Amino acid sequence: MKTSEIRREFLAFFEENGHNRAPSSSLVPGNDPSLLFTNAGMVQFKDIFLGLEDLGFSRATTSQRCVRAGGKHNDLDNVGYTARHHTFFEMLGNFSFGEYFKREAIEFAWILLTERFALAPEKLWITVFEDDTEAADIWLQHIGVDPNRLSRCGEKDNFWMMGDTGPCGPCSEIFYDHGPEIAGGPPGTAEEDGDRYVEIWNLVFMQYERDVTGKLTPIPKPSVDTGMGLERMAAVLQGVHNNYDIDLFRGLIDAIRQVVPATDPEITSLRVLADHIRSCAFLIMDGVTPSNEGRGYVLRRIIRRALRHGNKLGTIEPFFYRLVGALEDQMGEAIP
Ligand code: SER
């Protein structure tokens with residue numbers, strides 16, 4: 001399945017199940033100084049979870065553009081070195097604003113993964129928050145997952161917060177096992193950081209608002225916020241073990257190779273360039289410009305990191321002139 005087909009299939013599945021398809025919001029969160037960038041699908045719905053706003057519908061589905069560089073969720077330094085991290089990625093999500101809760105969220109996820117996407121249950125691994133016996137019971141007794149493929153983890157892994165403040169709650173994550181030929185162990189083990197078991201979907205059971213002191217206050221109605229990494233899901237469904245081998249990235253990396261005659265040992269730098277080109281393009285499109293503070297400074301750091309990797313390949317100059325040429329074509333005149 002192409003990445004675009006996976007996106008379409010996900011949104012269609014939730015639309016068929018009564019969800020309102022909403023557009024992605026900007027990477028710059030509107031009126032939210034607590035956050036540098038939109039880092040998850042739930043960001044645009046923050047005030048609805050908190051009961052401060054009503055959209056007129058109680059179920060939504062989105063494909064949200066996200067940046068995780070700077071701020072609480074920051075993957076910048078992992079990019080290029082793991083099979084699964086990006087500064088820019090798309091998050092597919094379904095949301096319930098006080099309507100359905102744990103049982104339905106888990107049912108939807110299981111049906112989509114094992115029936116629509118036809119993944120074998122024995123390739124999946126589930127985690128739940130250690131105190132959340134309700135979620136564990138739903139997985140084990142209602143869905144019937146193998147108890148040997150379910151781990152109970154602590155707050156660090158299974159309690160999701162958007163930032164230091166805001167809506168939050170325990171979560172249940174679904175991992176895909178890429179097989180024994182890939183290094184890494186199941187979640188909750190010492191080897192969990194390898195690329196063998198990759199988290200593909202996080203189901204958050206929104207229950208609290210966290211304030212600056214860390215105090216948790218129940219939100220008006222328990223809600224659901226889920227996030228599936230589109231690029232990770234594409235790797236699974238395209239039978240590759242590295243996100244940078246999916247259709248989206250193959251095209252970008254091939255284009256970069258045309259100006260950068262890199263050989264395989266330099267693949268890390270090619271991946272960094274492919275990733276950073278995406279985040280820079282989308283950040284600039286959403287109005288961020290390089291500067292020496294805040295969001296603009298993060299953009300500058302991403303550009304610098306891309307340039308450093310470009311320099312390692314020794315090819316910044318032709319790349320630069322190609323960019324100038326493309327701009328000139330667009331403008332229809334020469335840049336002096
Ligand atoms: N907010 C959760 C996450 O980002 C689920 O969407 O993982």
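Residues numbered from 1 in each chain as written. Predicted model: local features only at pLDDT ≥ 70, side-chain atom pairs only at ≥ 80, totals over all residues. Heavy atoms only, no water.

A.B. asks: Mind showing me how you'd approach the overall build of the chain here?
C.D. replies: A tally of regular secondary structure across the chain gives ten helices and nine strands. Taking 336 residues into account, the globule formula puts the C-alpha radius of gyration at 20 Å, and the chain, at 21 Å, falls close to it. Taking the principal axes of its C-alpha atoms as reference, the chain extends roughly 65 × 45 × 40 Å. Sequence separation of at least 24 residues holds for 70% of the intrachain contacts in the chain that already meet a minimum separation of 6. For the chain, the exposed surface amounts to about 15400 Å²; the carbon and sulfur share of it is 49%. Here the chain contributes 34 positive and 49 negative side-chain charges, whose respective centroids are spaced 3 Å apart. (Helix = DSSP H or I, 4+ residues; strand = E, 2+ residues; numbered from the N terminus. Rg over C-alpha atoms; globule rule 2.2 N^0.38 Å. Contact = heavy atoms within 4.5 Å. Areas by Shrake-Rupley, 256 points an atom, 1.4 Å probe, with all protein chains shown as cover. Lys, Arg positive; Asp, Glu negative; His and termini not counted. Charge placed at Lys NZ, Arg CZ, Asp CG, Glu CD.)

A.B. asks: Quick question: what am I supposed to make of the side chain of Asn-242 here?
C.D. replies: If you trace the backbone, Asn-242 turns up in the loop between helix H6 (230-237) and helix H7 (247-259). Polar side-chain contacts of Asn-242 include one of 2.8 Å to the backbone nitrogen of Tyr-244. Here Asn-242 is in contact with Ala-83, Ala-235 and Arg-271, once residues within four sequence places are set aside. (Polar contact = N/O pair within 3.5 Å; in protein donor to acceptor, adjacent residues only side chain to side chain.)

A.B. asks: Sorry, what's going on with the nonpolar core here?
C.D. replies: Most often, soluble globular proteins keep nonpolar side chains buried together rather than apart. Grouped together as the largest cluster of nonpolar side chains are 55 residues, with contacts concentrated most on Leu-113, Leu-119, Trp-139, Ile-174, Ile-200 and Trp-201. Considering every element that reaches this core, the biggest residue donor is helix H3 (residues 102-116), with seven residues. Contacts of Trp-139, omitting those with residues within four sequence positions, involve Ile-106, Trp-110, Ile-126, Val-128, Gly-144, Val-145, Leu-150, Ser-172, Ile-174 and Leu-203. (Core = buried A, V, L, I, M, F, W, Y, C linked by side-chain atoms within 4.5 Å. Buried < 20%, exposed > 50% of the residue type's maximum accessible area, 1.4 Å probe, protein only.)

A.B. asks: I keep staring at the pairing of strand E5 (residues 150-153) and nothing clicks. Help me out?
C.D. replies: Looking down a regular strand, the side chains alternate between one sheet face and the other. Relative to E5, strand E4 (residues 124-129) is paired through four bridges, and the arrangement is parallel. Looking at the pairing, Val-128 lines up with Arg-152 of E5. Taken together, E4, helix H4 (residues 133-143) and E5 constitute a β-α-β crossover, and its handedness is right-handed. (Pairing = 2+ DSSP bridges. Right-handed = clockwise from strand over helix to strand, strands pointing away.)

A.B. asks: So what exactly am I meant to see when it comes to the packing of H7 against helix H8 (residues 267-285) here?
C.D. replies: Any two packed helices are characterised by how steeply their axes cross, that is the angle between the axes, and by the distance between the axes. Packing of H7 against H8 leaves a shortest axis separation of 10 Å and a crossing angle of 110 degrees. Classed by the angle they form, the pair H7 and H8 counts as roughly perpendicular. For the pair H7 and H8, the sense of crossing is right-handed. Contacts between H7 and H8 involve Leu-248, Phe-249, Leu-252, Ile-253, Ile-256 and Arg-257 from the former and Ile-267, Leu-270, Arg-271, Leu-273, Ala-274, Asp-275, Ile-277 and Arg-278 from the latter. (Axes fitted to C-alpha atoms, helices over the stretch in contact; angles between N-to-C directions. Parallel < 35°, antiparallel > 145°, perpendicular 65-115°, else oblique. Left-handed = near helix turned anticlockwise from the far one by under 90°.)

A.B. asks: Explain H3 to me, please; I cannot follow it from the model alone.
C.D. replies: It helps to recall that an α-helix has 3.6 residues per turn; residues three or four apart then point in one direction. In a regular helix each residue adds 1.5 Å, so 15 residues correspond to 21 Å; H3 covers 20 Å between its end C-alpha atoms and thus fits that length. Residues of H3 that are buried include every one of Lys-102, Ala-105, Ile-106, Phe-108, Ala-109, Trp-110, Leu-112, Leu-113 and Thr-114, and no others. Positive backbone phi, at 55 degrees, marks Ala-118, one or two positions downstream of H3. (Expected span 1.5 Å × (residues − 1).)

A.B. asks: Please clarify how the packing of aromatic side chains should be interpreted in this entry.
C.D. replies: Here the distance between the centres and the angle between the planes together describe a pair of aromatic rings. As enumerated under the stated definition, the model contains 17 aromatic pairs in all. A ring pair is formed by Phe-45 and Phe-97, whose centres lie 5.1 Å apart and whose planes are at 55 degrees; its orientation type is tilted. Note that Phe-45 is positioned in the loop between strand E1 (20-21) and helix H2 (46-49) and Phe-97 in the loop between strand E3 (88-96) and H3, a separation of 52 residues in sequence. Look at Phe-97 and you get buried, because its relative accessible area is 9%. A centroid spacing of 4.4 Å and a plane angle of 5 degrees characterise the contact between Phe-88 and Phe-282, whose relative ring orientation is stacked. Of this pair, Phe-88 sits in strand E3 while Phe-282 is found in helix H8, placing the two residues 194 residues apart along the sequence. A residue is classified by how much of its surface remains accessible, and Phe-88, at 2% relative accessible area, is buried. Put simply, the rings of Phe-10, Phe-13, Phe-14, Tyr-100, Phe-108 and Trp-201 pair up and form one aromatic cluster. (Phe/Tyr/Trp six-rings, centres within 6.5 Å; stacked < 30°, edge-to-face > 60°.)

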